Amino acid sequence: MTKFSIIITTFGVLEYLKECLRSLQNFEDIEILVGIDGCEKTKSAFEGFQHSKKCRFFYFPVNSGTYNVKNNLIKEAKGETILFFDSDDIALSNLLDRWDSNYDIIRLKFQDFGDKINKIEVAQGVFFIKKQILNQLIGFQPWKCNADAEFRMRVEFNNLKVKEDDVISFMRRKHDKNLTTAKNTAMGSKLRKEYENIINNKVKTKNWSNPKIEIREYYEL
């Protein structure tokens, strides 16, 4: 049985995907599910990986949002544990060693590289989670951004066992296309503030009902 399903979504950063996938190829007992969200299919982005038994590519012809793509790929995952990873990040050799089955969720620590460097912190959207727990939570809200924060609040509300790791296990590339820096979804954007208001209202009312997963058509490559 596959131990880990690594779910990767990508939009507008296909130039980084190949390097990301290469960093994951030497791990055992894994499958890699890549969701290409509304991007033109570029042969060079998948070169060398199309025939890999570890990789499966899913093409979403309409930009449906990274969290919708994640929700769809969760249904395809065969592993006992899911790792959400980003297509512009680089795995270090100790990545899978950071999983601890005594916890429901392990949030991973990264170091920046690229235009902005030297930042070290625990990622909000890169984490291990037991698949049975993820199924109970019914995935992510179909938001454009900040659904990781809403998901985290739901995790806390359900009293799950969470560990914030203290060892760097991947490198995070900083660039202008990150959701936290892009114009419409940046940390100070109007849209992100709207989502923050929703989260704050949920905190006040304790209304943490599970989200409805929005299913979009996709094609396996």
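Data block above holds the structure.
About the criteria used
- Residues numbered from 1 in each chain as written.
- Predicted model: local features only at pLDDT ≥ 70, side-chain atom pairs only at ≥ 80, totals over all residues.
- Heavy atoms only, no water.
- Helix = DSSP H or I, 4+ residues; strand = E, 2+ residues; numbered from the N terminus.
- Buried < 20%, exposed > 50% of the residue type's maximum accessible area, 1.4 Å probe, protein only.
- Contact = heavy atoms within 4.5 Å.
- Areas by Shrake-Rupley, 256 points an atom, 1.4 Å probe, with all protein chains shown as cover.
- Core = buried A, V, L, I, M, F, W, Y, C linked by side-chain atoms within 4.5 Å.
- Lys, Arg positive; Asp, Glu negative; His and termini not counted.
- Salt bridge = Lys/Arg side-chain N within 4 Å of Asp/Glu carboxyl O.
- Polar contact = N/O pair within 3.5 Å; in protein donor to acceptor, adjacent residues only side chain to side chain.
- Axes fitted to C-alpha atoms, helices over the stretch in contact; angles between N-to-C directions.
- Parallel < 35°, antiparallel > 145°, perpendicular 65-115°, else oblique.
- Left-handed = near helix turned anticlockwise from the far one by under 90°.
- Phe/Tyr/Trp six-rings, centres within 6.5 Å; stacked < 30°, edge-to-face > 60°.
- Lys NZ or Arg CZ within 6 Å of the ring centre and 35° of its normal.
- Arc of directions from axis to C-beta.

(A) Molecular detail of the overall build of the chain. When its secondary structure is counted, the chain shows six helices and nine strands. Counting across all 221 residues of the chain, residues that qualify as buried make up 51%. For the chain, the proportion of contacts with a sequence separation of at least 24, taken over those separated by at least 6, is 74%. Total accessible area on the chain is roughly 11100 Å²; 47% of this is exposed by carbon and sulfur atoms.

(B) Spotlight on the nonpolar core. Counting residues in each nonpolar core, the largest one holds 29 residues, and the members touching the most others are Ile-8, Leu-24, Ile-32, Phe-85 and Leu-95. Among the secondary structure elements, those contributing two or more residues to this core are strand S1 (4-10), helix H1 (14-24), strand S2 (30-37), strand S3 (55-60), strand S4 (81-86), strand S6 (105-114) and strand S7 (120-130). If you tally residues by element for this core, the top one is H1, at five residues. Filtering out sequence-adjacent residues up to four positions away, Ile-8 remains in contact with Leu-17, Cys-20, Leu-21, Leu-24, Ile-32, Leu-33, Val-34, Gly-35, Leu-73, Phe-85, Asp-86 and Ser-87. Grouped together as the second largest cluster of nonpolar side chains are 28 residues, Phe-58, Ile-82, Phe-84 and Ala-147 included.

(C) Local environment of the side chain of Arg-192. With respect to the helices and strands, Arg-192 occurs in helix H6 (residues 190-205). One buried charged residue, Arg-192, remains without a salt bridge, the closest side chain of opposite sign being Glu-196 at 5.7 Å. Side chain to side chain, Arg-192 and Asn-146 meet in a polar contact 3.1 Å long.

(D) The packing of helix H5 (residues 147-157) against H6, seen in detail. The interhelical angle for the contact between H5 and H6, taken along N-to-C directions, is 10°, at an axis separation of 10 Å. When the axis of H5 is compared with that of H6, the two are roughly parallel. Our pair here, H5 against H6, has a crossing hand that is right-handed. Contact residues: Ala-149, Glu-150 and Met-153 in H5; Ile-199, Lys-202 and Val-203 in H6.

(E) Summary view of the packing of aromatic side chains. Evaluation of the coordinates by the stated rule reveals 10 aromatic pairs. A ring pair is formed by Phe-110 and Phe-170, whose centres lie 5.5 Å apart and whose planes are at 40°; its orientation type is tilted. With a gap of 60 residues between them, Phe-110 in strand S6 and Phe-170 in strand S8 (residues 162-174) connect regions that are remote in the sequence. Under the relative-accessibility criterion, Phe-110 is labelled buried at 4%. Judged by its relative accessible area of 0%, Phe-170 falls in the buried class. Relative to Phe-151, the ring of Phe-140 has its centre 4.8 Å away and its plane inclined at 35°; by these criteria the two rings are tilted. Here the residue Phe-140 occupies a position in the loop between helix H4 (131-137) and H5, and Phe-151 occupies one in helix H5, the gap between them amounting to 11 residues. Of the two residues, Phe-140 and Phe-151, neither departs from the other in class, the shared state being buried. Looking at Lys-70, its charged tip hangs above the ring of Phe-140, at a distance of 5.2 Å from the centre.

(F) Summary view of unusual backbone geometry. Not every positive phi belongs to a glycine, and Ile-138 is a case in point at roughly 60°. Turning to its location among the elements, Ile-138 is positioned in the loop between H4 and H5. The residue Asn-159 is not glycine, and still its phi comes out positive at about 55°. We classify Asn-159 as exposed; its relative accessible area is 67%.

(G) Quick peek at H1. Looking at H1, one finds that the buried residues are Leu-14, Tyr-16, Leu-17, Cys-20, Leu-21, Ser-23 and Leu-24. Taken end-on, H1 shows its buried residues confined to a sector of 150°, consistent with a single buried face.

(H) A look at the environment of Asp-37. With respect to the helices, strands and loops of the structure, Asp-37 is situated in strand S2. In this structure the C-alpha to C-alpha distance between Asp-37 and Asn-68, which are 31 residues apart in sequence, comes to 9.4 Å. Look past the residues within four positions of Asp-37 in its chain and what remains in contact with it is Thr-10, Phe-11, Phe-60, Val-62, Asn-63, Ser-64, Gly-65, Thr-66 and Val-69.

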